[in-house]
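Understanding the architecture of this molecule
These are the residues of each chain, in order.
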Amino acid sequence: MKTIIMLAMHGTLPRDLPREVGKEFFAVRSRLQQASEPERAALLQRFRELDSQMRHWPRTPDNDPYHAASQAIAGQLSQATGYDVIAAFNEFCAPSLEEAADQAVTRGAQRVIVITPMLTRGGEHAEKEIAAAVEAARQRYPGVEWVYAWPYPIESVARFLADQVARYAETDAHA
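Residues numbered from 1 in each chain as written. Predicted model: local features only at pLDDT ≥ 70, side-chain atom pairs only at ≥ 80, totals over all residues. Heavy atoms only, no water.

1. Considering the packing of aromatic side chains
What the rule picks out here adds up to six aromatic pairs. Ring centres of Phe25 and Phe92 lie 6.0 Å apart, and the angle between their planes is 70°; this geometry places the pair in the edge-to-face category. Within this pair, whereas Phe25 is found in helix α1 (residues 19–34), its partner Phe92 is found in the loop between β2 (84–89) and α4 (97–106), the two being separated by 67 residues in sequence. Residues Phe25 and Phe92 agree in their burial class; the two are buried. Measuring from centroid to centroid gives 5.8 Å for Tyr148 and Trp150, while their planes differ by 15°, and the two rings are stacked. The pair Tyr148 / Trp150 is uniform in exposure class, with both members buried. (Phe/Tyr/Trp six-rings, centres within 6.5 Å; stacked < 30°, edge-to-face > 60°. Helix = DSSP H or I, 4+ residues; strand = E, 2+ residues; numbered from the N terminus. Buried < 20%, exposed > 50% of the residue type's maximum accessible area, 1.4 Å probe, protein only.)

What follows is the structure, given as structure tokens:
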């Protein structure tokens, strides 16, 4: 069974995106939440235009170190697992979660394991938005197995954090 990992990252604005574009994007997104039906269609169209412009803005390690780090994590995860990994972004970067799901299917995935570095429960992105994107992919591609490998066991998160603390601690982390 061909398995592909979709690494669901958050995303950030590129540093060289014109300020006016970012400001308008957030203003339109805010107005959309309270818009009446007559106003909603035009706002939604403009939101999609701005979202696409931001997501497809050329990325470099200088203008978007988060994007570059996300790609590096995807590469390391591929090496560690032996699976193809597609870095996907919840906001601001391409490919979107939906686009990455389409890419996985196009590449012949029979199973897609979606994972995120967002470790704790209660966050809007990991708990609701990414979960909703996985459910939407299940609906679009019912012949593909979609696994959302989240939430993480608290004990595993604590061990991961303890390992990092141990790298910086002057004494044994368990003393």
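2. Points about the sheet that holds strand β1 (residues 3–9)
Strand order in the open sheet made by the four strands is β2-β1-β3-β4, with parallel pairing throughout. If you trace the sheet from one side to the other, it starts and ends with β2 and β4 (145–148), each paired once. Put simply, the sheet's adjacent strands are angled 25° from each other on average, direction ignored. Bridging between β1 and β2 involves six bridges; their strand directions are parallel. Paired with Ile5 across the bridge in β2 is Val85. On the sheet, helix α5 (residues 124–140) packs against β1, β3 (111–115) and β4 and is oriented at approximately 175° with respect to β4. (Pairing = 2+ DSSP bridges. Axes fitted to C-alpha atoms, helices over the stretch in contact; angles between N-to-C directions. Contact = heavy atoms within 4.5 Å.)

3. Here's the deal with the packing of α1 against helix α2 (residues 37–55)
Between α1 and α2, the shortest axis-to-axis distance is 9 Å and the interhelical angle comes to 145°. In this structure, the crossing between α1 and α2 has a hand that is left-handed. Contacts from Val21, Glu24, Phe25, Val28, Arg29, Arg31 and Leu32 in α1 reach Glu39, Arg40, Leu43, Leu44, Arg46, Phe47, Leu50, Asp51, Gln53 and Met54 in α2. Partitioned by chemical class, the residues of the contact of α1 with α2 number nine nonpolar, one polar and seven charged. (Left-handed = near helix turned anticlockwise from the far one by under 90°. Nonpolar A, V, L, I, M, F, W, Y, C, P; charged D, E, K, R; others polar.)

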